[in-house]
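Structural features, examined
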Amino acid sequence: TADIQLLTAGLDHENFGFKFSQLERQHAEVVANLQRTMDTLTKTDHTLARLGDEFVGNKLTVQSILQDLGVKTADNMNSISELAKAQQRHGDVLKDTVWRTDKAARDHKRLYEQQAVAEQEIAGIQGVNKTTAEKLDSHAQEHSRTRSDLASLNKEADLGLTQLRGDLGAASATLSKLSNRFESCNQNIQGVGKGLQDVHLHTLNGEHNMLSPKSARTITPLRKPRGPATNGGSLQPHV
């Protein structure tokens, strides 16, 4: 047991030296690590200081940038508002354009229908014009025939008038002769009537050995015969 204890103590002494040397190595490593850490912290401090300076500069730059962004954002908001208004106006214009397009389509359809009706009416008018042209040709032919007939009638009428003028001249000469003869006869008849009146007066008065009637009678004198009135040598009938 004592030997074991001594052996154990010897082993512990050897283990302690090993552990101590191990601890020294670890301490050296820790010191080295700590030195590296301190160097790193120093670098970090310098970096932080530099970053702080850069942060201040960046902060001012960022503030300026943010102000610019604020101004630009306000401008963009105004632009967006104007764009919204413009879009609304564009929508209104688009609606009006759609309405006008629909109206134009309806008008085009109505005009197409009117064109179809007009074409039908034109076709009917062309047919009527054709019929009218045929009738006009027929009337022209009839008019030509009528003019020819009128020319013939005018010639015949001229011949008839010429003949009638000749007949009227002959009749006027004959009437003039008859008027002269009628005047002569009228004078003769008036002379005979006057002679009868004289004889009657002589008879009433008993002159020239003529006996008066037993009773007085009123003898109506003979009426003067009516003779045709003459005017410029032509015979005019008495009314």
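Computed from a predicted model, the values in this text were never measured in an experiment.

Below, the discussion takes up the overall build of the protein chain. Within the protein chain, the secondary structure is distributed over 1 helix and 2 strands. Going from the N terminus to the C terminus, the protein chain shows its helices and strands as α-β-β. Across the protein chain, the fraction of contacts at a sequence separation of at least 24, relative to all contacts at a separation of at least 6, is 52%. For the protein chain, the exposed surface amounts to about 21000 Å²; the carbon and sulfur share of it is 59%.

Once that is clear, we can look at the pattern of salt bridges. Here the structure, examined in full by the defined rule, presents 3 salt bridges. Between D107 and K103 there is a salt bridge, and its shortest N-O distance comes to 3.2 Å. Here K103 and D107 lie together in helix α1 (residues 2-205), a separation of 4 residues that amounts to about one turn. K103 sits in the partly exposed class, given a relative accessible area of 35%. Between D107 and R110 there is a salt bridge whose closest N-O contact spans 2.5 Å. Here D107 and its partner R110 are both found in helix α1, 3 residues apart, which amounts to about one turn of the helix. You can call R110 partly exposed: its relative accessible area is 42%.

Turning our eyes to something else, we now look at a nonpolar patch on the surface. A contiguous nonpolar patch, built from V62, I65, L66 and L69 and spanning about 340 Å² of accessible area, is present on the exposed surface. Turning to its location among the elements, L69 is positioned in helix α1.

It is worth spelling out the confidence of the model for the protein chain at this point. Overall, the predicted model of the protein chain reaches an average pLDDT of 77, with 78% of residues at or above 70. Mean pLDDT across the elements of the protein chain ranges from a minimum in strand β2 (residues 234-236), with 42, to a maximum in α1, with 82. This stretch, residues 215-220, has a pLDDT under 50; its non-local contacts, to residues over four places away or in other chains, come to 1 contact.

The rules behind the values
Residues numbered from 1 in each chain as written. Predicted model: local features only at pLDDT ≥ 70, side-chain atom pairs only at ≥ 80, totals over all residues. Heavy atoms only, no water. Helix = DSSP H or I, 4+ residues; strand = E, 2+ residues; numbered from the N terminus. Contact = heavy atoms within 4.5 Å. Areas by Shrake-Rupley, 256 points an atom, 1.4 Å probe, with all protein chains shown as cover. Salt bridge = Lys/Arg side-chain N within 4 Å of Asp/Glu carboxyl O. Buried < 20%, exposed > 50% of the residue type's maximum accessible area, 1.4 Å probe, protein only. Patch = residues over 30% accessible without salt bridge, like charges linked within 9 Å, V, L, I, M, F, W, Y side chains within 5 Å. pLDDT = per-residue confidence, 0-100.

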